[in-house]
Amino acid sequence: MRKIYFDNAASTRVDERVIRAMEPYFGSKYGNASSIHGFGREAKEAIENARKIIAKRIGARAREIIFTSGGTEGNNFVLKGLFFSNYPRKNHIITSKIEHDCILNACKWLESLGARVTYLDVDKEGFIDLEQLEKAINERTFLVSIMQANNEVGTIQNLKAIGEICKKRGVLFHTDACQSFTKVPLDVNKMNLDLVTLNSHKIHGPKGVGAVYIREGIKITPLLHGGGHEKGLRSGTENVSGIVGFGKAVEISSRKDVEKMEKLRDILIEGILKIPNVKLNGPKGEKRLCNNVNVCFNDIEGESIGGYLESKGIFVSTGSACASHTLASSHVLRAMGLSPQQINSSIRISISRYTSEEEVRYFLKVLPKIVKKLRRFSALR
Ligand SMILES: Cc1ncc(COP(=O)(O)O)c(C=O)c1O
C-alpha cells in the first residue's frame, strides 16, 4: 500500500542532498573537529561552513551560533543558562501557555529553584496579547520567550512587535523557531531577538542536531562542562555529520517550497471545511504556518480518524507527536479555549515540500467517508 506522510511537524524525511552531504563525515572524513591535524581541520571547516549558512539565514554572525543536540537542548540551555546567570538578582520569565513542552517543563523546573514564571494566555486562534505581555514585565524580568510558530496549530506570532516591547523594556527576547525556521522570515536584528532556538529534523535535515543563536555579549551559563567546545558554552565533541546535514538542509530550503506548501495547505483547509460540523483550529492565511492544518471534527475521536486514515496508508497526528505518548490532552488547544471533547476530536495534518497535490486530493476523497462512517457510530453524539 502507498504511504502518505502527513506528520511533518513531528519530523521530516531527510533530503537526498542532505544525506549525500553527510555521508563523507561517516566515512573518510571522520576526524574530531578539535584535532589540529588535517582530519580535524577538515571537520572544523565543515562545521564552520554550516555555522555561516545558518547564521546568514537569520541575519546573525557565525560566531553567535552554538550547535546543540536539537530544539529540546537549545530551549533548556536558553532558559536554564540565563536563569543561572541572572538569579537571584532577576528571577522572572515570561512565556506563553502554548509553548512546546521543553519550554514549559523547563520553566516548571526552574520555578522549583526560585524562578517566577508568567504564562501568557492566548486567544482562540493562538495569539498572545501584546498588552498583557507588556503589563507582565517587571523589574525582575530577565527573559521573554515566545515561540515563532506553534507546532500544533501553526499560529505565527508577531515577533517584531514583541521584540520592540522587549527592547523598550530592556528584557531579553528569545524565540523557539523550531517549527518556523526556513518557512517564516526570521531576522534577529529586525525582530530585536537576543536568542533563537533552531533544529534540523523539521526541515529535512537529520535528527539530534540544532543550534542556538546567542547575541554577542549576552551572559549565559553553560549547562555542559567539559573540553570547552563551542566557545565553552556547549562542551562535547561536535556531531560533525549532523551539523553538515543541518547546514545543507538550510542551504537548499527555498521560498518556492513555502509557496507550494501554502497552496496545498489552503486546498486541504478548503476541502476539509466542506465536511459538515468541522472547525479549523488556528488562523487562516499568512498568519498560519505553510505546512500546518489542524481541525476539529466534533462528535468523533481524532484517534479513531487517525486509525482509519492509517488503514488507508495516511499518517496524521492526533495531538503533538512529542506529547502523544503521555496521552495528555493538548495544552495548546486547551489554552485556545477548546473543550476536552473538541480537543479529543482534533487532528493535525502537516505537509512538506514532498507532499503532492495528488496526495492531498486523495486524502480529501477518503476523509469525508471516514468522518461520515465514524459519526454514524459515534458514542460522543
Ligand atoms: C516548537 C518546537 N520546539 C522544540 C521542539 C523540540 O525539538 P527536538 O525534537 O529537536 O528536541 C519541537 C519538536 O517537536 C518543536 O516543535
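Residues numbered from 1 in each chain as written. Predicted model: local features only at pLDDT ≥ 70, side-chain atom pairs only at ≥ 80, totals over all residues. Heavy atoms only, no water.

Engineer: I tried to follow the site of the ligand on my own but got confused; where do I start?
Structural biologist: In the vicinity of the ligand lie 15 residues, with Gly71, Thr72, Asp176, Gln179 and Lys202 positioned nearest. Within the side chain of Asn199, one N or O atom sits 2.9 Å away from an oxygen atom of the ligand. Within the complex, the protein chains bury 90% of what would otherwise be the 400 Å² of accessible surface of the ligand. The element that contributes the greatest number of residues to the shell around the ligand is helix H3 (residues 71–86), accounting for three residues. (Near = heavy atom within 4 Å. Polar contact = N/O pair within 3.5 Å; in protein donor to acceptor, adjacent residues only side chain to side chain. Areas by Shrake-Rupley, 256 points an atom, 1.4 Å probe, with all protein chains shown as cover. Helix = DSSP H or I, 4+ residues; strand = E, 2+ residues; numbered from the N terminus.)

Engineer: When you look at the packing of helix H8 (residues 255–272) against helix H13 (residues 357–377) in this model, what are you seeing that I'm missing?
Structural biologist: Helix-helix packing is characterised by the crossing angle of the two axes and by the distance between the axes. The geometry of H8 relative to H13 is characterised by a closest axis approach of 10 Å and an angle of 10 degrees between their N-to-C directions. Taken together, H8 and H13 sit at an angle that is classed as roughly parallel. The way H8 lies across H13 gives a crossing that is right-handed. Contacts between H8 and H13 involve Lys263, Leu264, Ile267, Leu268, Gly271 and Ile272 from the first element and Glu357, Val360, Arg361, Phe363, Leu364 and Leu367 from the second. Taken together, the residues of the contact of H8 with H13 break down into eight nonpolar, one polar and three charged. (Axes fitted to C-alpha atoms, helices over the stretch in contact; angles between N-to-C directions. Parallel < 35°, antiparallel > 145°, perpendicular 65-115°, else oblique. Left-handed = near helix turned anticlockwise from the far one by under 90°. Contact = heavy atoms within 4.5 Å. Nonpolar A, V, L, I, M, F, W, Y, C, P; charged D, E, K, R; others polar.)

Engineer: Can you help me understand the sheet that holds strand E12 (residues 346–350) in this one?
Structural biologist: Consider a sheet: its strands pair through backbone hydrogen bonds, and that pairing is either parallel or antiparallel. Taken together, three strands build an open sheet; the order of strands is E9-E10-E12 and the sheet is antiparallel. The strands lining the two open edges of the sheet, one partner per strand, are strand E9 (279–280) and E12. Here E9 pairs with strand E10 (residues 292–296) via two bridges, running antiparallel. Across the sheet, residue Leu280 finds its bridge partner in E10, namely Val295. Relative to the sheet, H8 contacts E9, E10 and E12, its axis offset from that of E10 by approximately 10 degrees. (Pairing = 2+ DSSP bridges.)

As far as function goes, none of this settles anything; it's purely spatial.
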